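Fold and contact review
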Amino acid sequence: MFRSLEYKVGLFILITSVLIVSAIGYVAYKKDVFSRVDTYTLASFSGEDLTEGMPVLLSGYKIGRVHALELGDDGRILIRIKILHRHAKWLRRDSVFIINKPLIGDPRIVLSTGKMSSPPLSTEAIKEVVVANDINTTIKKLEPVVERLNRITINIETLTANLVDPKGNVNQILRHTETLAERLARTDSLLDLALGNPDTVSAVQEALKNTEEITTEMTRILKTVDAMAVKSDEALYGKDGIFPSMRTLLVDLVGKLAKLDQFVIHVNNVGANVDASTKDLGVLRRDIDETISTINSLVKELDRKIPFRKEPRIKLP
Amino acid sequence: MKERHPENLGLVSTDIPLISNLNVWLNIALIRLYHLSESRLQAKRVVVGLLNRFQKREIAGLRIAALDHWERYLVKLLRAAMVQDALIVIDRPFRLVPDLPDAELIENSLTRIDDLYFSCRILDYSWNRDRYRIKDVSES
Amino acid sequence: MVTFIEGIGTRTLKLCRSAFETLFFTWQVILHLLDLKTYNKATQLVIITQLYFTAVQILPLFIYISALMGLFLMGIVLDSIKQMGMAGNLGNILMGFIFTEVCPFMTVLLLALRSGAALNTEVAVMKVSKELDALNVFRIDAFDYIVVPRILSGIISVVLLNGIFTLVLLASGALFSRMIFGLAFDAYIRILVVSADFSDLVILILKCATFGFFITLLPIRYGLTASNELSSIPIAVLTGMNNVFIAIVVIEVLSLILSSI
């Protein structure tokens, strides 16, 4: 029984121990625990941020670590670093050791290999380390940026204050802009902008000018007609008389102007997105409406003054 | 936990039980294994030889619970005899082996291992004097 | 009110006395563990027997439970890692959490439940049946014969079984890494090796040894508190097992603090 028991226990211990030791040994081997290491000494005026176990990197690859920190006779900090023997070839007499303190992460010693033709670094030599403080460098780089940001902030504050102040420059500019916009609304140039076709604009302008001329002409004719009315009823009120012809002419004109009105409405729609242009077109529309209204009232006045009779009036003796 | 006893005391008593998680031969050999650091095989050989003196070698591998009163007495006696130059003290043998008519078997068992102990004392009540058939009984 | 205050005082004193006795007992055990004279043939035999009962006999069940746990645990953990987009931290999570925290904890829990309770009862029964007195009569030191071999086998068992548990979980991890991340075995091992720290492995072994020490020491210590009455056995076992679980939690917390320093 005991032979069997001892055999089982022995087998268990043997197999398990071999497995565990192999696993640990493998990790130790991969972690270079058994590798030969060389000890070098570096010196620094400050031991700040230096810790035992700190990595020594070459091109971002760990080749060793800080083994011990000591205070030297001259008051400097002596940093004993252990470098794997197979990486010792990268340490040359002109190599530079930089203590790098990154903004995020732990500090590390970075090796900058010198010329490979340079003699190998002796383990007895004491190399001075260079401190490259990422935080300070970053702060230095950031200083002018921060200063500019400060100025921008002050400017923004001034602008905001100006915006709030009703008598401020910005509000004044806005008022001026409003005035200017009103003025612009009255100019033809915006009509150009709204229509896009200079020919159409000239046509509209031409039509308006003609209407104006017609109105003037009509006024003049009415005056003449008034003078002539007394002279001959027949000549005026006859079928081919002057007044029926004039009425036909005026009705035609009203029709044309109505068409022009529609055209303006269309143009108005086209320019609906442009407020200032809409204002211009509105003005134009009003001009046309006024003209039509004037002509209509003229026709009415004609009708009132010279009634058109279908049956010739028979004058009794 | 500790109580001082004479170094060579080999007590056989109902108050000093056998170790329940050990089998017969280990109960007997324990003292040799512990004090003499004797090898297990050697100790077993000795124990089996001793059991054979009582024609009981078959009980060597048994657990204590499997033994009768007489076998338990024998195991306790042999365990006591394992002490170097043992002073064997048998405490009330008829409590250990209640169905014995007299002490003949007790005496016989002591005779068979007389080479193993220096001295032997049997402690019992005076009313059991006749069961021993011996003349030099001291009373206290 | 006075009775209440007295009650607090009595409990505190009892607790302090118990803690002191446990510390003293621990100190004595350490002394005996370090004493070469302890390791005679009888003690060696007990060590082997205890190793058999604590580690070898439980092995098939232990491997089965480890495999089952490994499948569930690694499946869930690796799936969670993928869902949380933490695949880059796979090695650190496995090494820093699963293998250094979960494995020892599960191992010690299984052993405490099985062997801790058994030891506690065994010693309590030996005390009640005066077997310890029998050892004393024959000048067999109970520390050497009962306590030290059991504690030593407890230490060895926890360390070795934790190794087995870890290996089974490693295998499960390899399986699930391939299934979930499509990770080849060598890449999986490389990730683990990169994340592993040699000092962490040493701490892990020390932690397992400490676990093994206390999950056997406390049941024995409280088993010895049993009186001559049979009814004292369950009380001794109850107290012992309570203290074992408290000790497991305390050691786990201490190891976490230690590894975070």
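The following paragraphs examine the structure supplied in this document.

**Quick word on the overall build of chain A**
- Summing up its helical and strand segments, chain A has eight helices and seven strands in all.
- Taken across its 317 residues, chain A has 29% of its residues classed as buried.
- Sequence separation of at least 24 residues holds for 64% of the intrachain contacts in chain A that already meet a minimum separation of 6.
- Working note: accessible area of chain A is about 21,300 Å², and carbon and sulfur atoms make up 58% of it.

**Describing the packing of aromatic side chains**
- Under the counting rule described, the total for this entry stands at eight aromatic pairs over all chains.
- For the pair B:Tyr125 and B:Trp127, a centre-to-centre distance of 4.4 Å together with 10° between the ring planes defines the contact as stacked.
- The partly exposed category is assigned to B:Tyr125, whose relative accessible area is 36%.
- Classification of B:Trp127 by relative accessible area gives exposed; the value is 63%.
- Directly above the ring of B:Phe94 sits B:Arg131, whose terminal nitrogen or CZ lies 3.7 Å from the centroid.
- A cation over an aromatic ring shows up here: C:Arg221 above the ring of C:Tyr222, its NZ or CZ 4.8 Å from the ring centre.

**Regarding the nonpolar core**
- One finds B:Ile88 and C:Phe99 to be the most contacted residues of the largest nonpolar core, which totals 131 residues.
- For this core, the element with the highest residue contribution is helix α6 (residues 142-181) of chain C, accounting for 19 residues.
- Setting aside residues no more than four positions away along its own chain, B:Ile88 makes contact with B:Gly10, B:Val12, B:Leu77, B:Ala80, B:Ala81, B:Ile113, B:Tyr117, B:Ser119, B:Cys120 and B:Arg121.
- By size, the runner-up hydrophobic cluster in this structure holds 20 residues, among which are A:Ile63, A:Leu91, A:Ile109 and A:Val129.

**Quick look at unusual backbone geometry**
- Of note, A:Ser59 is a non-glycine position whose phi angle comes to about 50°, a positive value.
- Checked against the element boundaries, A:Ser59 lands in the loop between β2 (55-58) and β3 (61-71).
- Of note in this structure, B:Ser37 is not a glycine but carries a positive phi near 50°.
- Among the structural elements, B:Ser37 can be located in the loop between α1 (24-36) and α2 (40-53).
- Residue classification places B:Ser37 among the partly exposed positions, given a relative accessible area of 33%.

**As for the environment of B:Asp124**
Residue and element names in this part refer to chain B.
- The topology assignment puts Asp-124 in the segment after β3 (117-123).
- With 32 residues separating them along the chain, Asp-124 and Arg-92 place their C-alpha atoms 4.5 Å apart.
- Residues in contact with Asp-124, not counting those within four places in the same chain, are Arg-92, Pro-93, Phe-94 and Tyr-132.
- A distance of 3.1 Å separates polar atoms of two side chains, one belonging to Asp-124 and the other to Asn-128.
- Side chain to side chain, Asp-124 and Tyr-132 meet in a polar contact 2.6 Å long.

**As for the interface of chain B and chain C**
- At the junction of the two partners, chain B supplies 29 residues and chain C supplies 22 residues.
- For the pair chain B and chain C, the summed buried surface comes to about 2,400 Å²; carbon and sulfur atoms form 65% of the total.
- There are zero salt bridges connecting chain B and chain C.
- There are seven residue pairs in polar contact (both at pLDDT 80 or more) connecting chain B and chain C.
- For the side of chain B that touches chain C, the elements supplying multiple residues, two or more each, are β1 (9-12), α1 and α3 (69-81) of chain B.
- Here the side of chain B that touches chain C takes six residues from α1(B), the largest share from any one element.
- Of the residues that constitute the side of chain B that touches chain C, the class distribution is 15 nonpolar, seven polar and seven charged.

**So, the pairing of strand β4 (residues 77-84) of chain A**
Residues and elements named next belong to chain A.
- The buried fraction of β4 is high, at six of eight residues.
- Here eight bridges tie strand β1 (residues 37-44) to β4, and the two strands are oriented antiparallel to one another. Looking across to β4, one finds that Thr-39 is bridged to Lys-82.
- Pairing geometry for β3 and β4, over seven bridges, is antiparallel. When the sheet's bridge partners are listed, Arg-65 is paired in β4 with Lys-82.
- In sequence, β3 turns back onto β4 through a hairpin of five residues, with Gly-75 there showing a positive phi of about 85°.

**Brief notes about helix α1 (residues 2-34) of chain C**
Residues and elements named next belong to chain C.
- Its 33 residues give α1 an end-to-end C-alpha distance of 48 Å, which sits within 8% of 48 Å, the value for a rise of 1.5 Å per residue.
- Among the residues making up α1, those that are buried are Thr-22, Phe-25, Thr-26, Val-29, His-32 and Leu-33.
- On its buried face, α1 is in contact with α6 and α8 (198-223).

The rules behind these values
- Residues numbered from 1 in each chain as written.
- Chains lettered and ligands numbered in written order.
- Predicted model: local features only at pLDDT ≥ 70, side-chain atom pairs only at ≥ 80, totals over all residues.
- Heavy atoms only, no water.
- Helix = DSSP H or I, 4+ residues; strand = E, 2+ residues; numbered from the N terminus.
- Buried < 20%, exposed > 50% of the residue type's maximum accessible area, 1.4 Å probe, protein only.
- Contact = heavy atoms within 4.5 Å.
- Areas by Shrake-Rupley, 256 points an atom, 1.4 Å probe, with all protein chains shown as cover.
- Phe/Tyr/Trp six-rings, centres within 6.5 Å; stacked < 30°, edge-to-face > 60°.
- Lys NZ or Arg CZ within 6 Å of the ring centre and 35° of its normal.
- Core = buried A, V, L, I, M, F, W, Y, C linked by side-chain atoms within 4.5 Å.
- Polar contact = N/O pair within 3.5 Å; in protein donor to acceptor, adjacent residues only side chain to side chain.
- Buried area = accessible area lost by both parts, 1.4 Å probe.
- Salt bridge = Lys/Arg side-chain N within 4 Å of Asp/Glu carboxyl O.
- Nonpolar A, V, L, I, M, F, W, Y, C, P; charged D, E, K, R; others polar.
- Pairing = 2+ DSSP bridges.
- Expected span 1.5 Å × (residues − 1).

Scope: geometric values only; no functional claims are made or implied.
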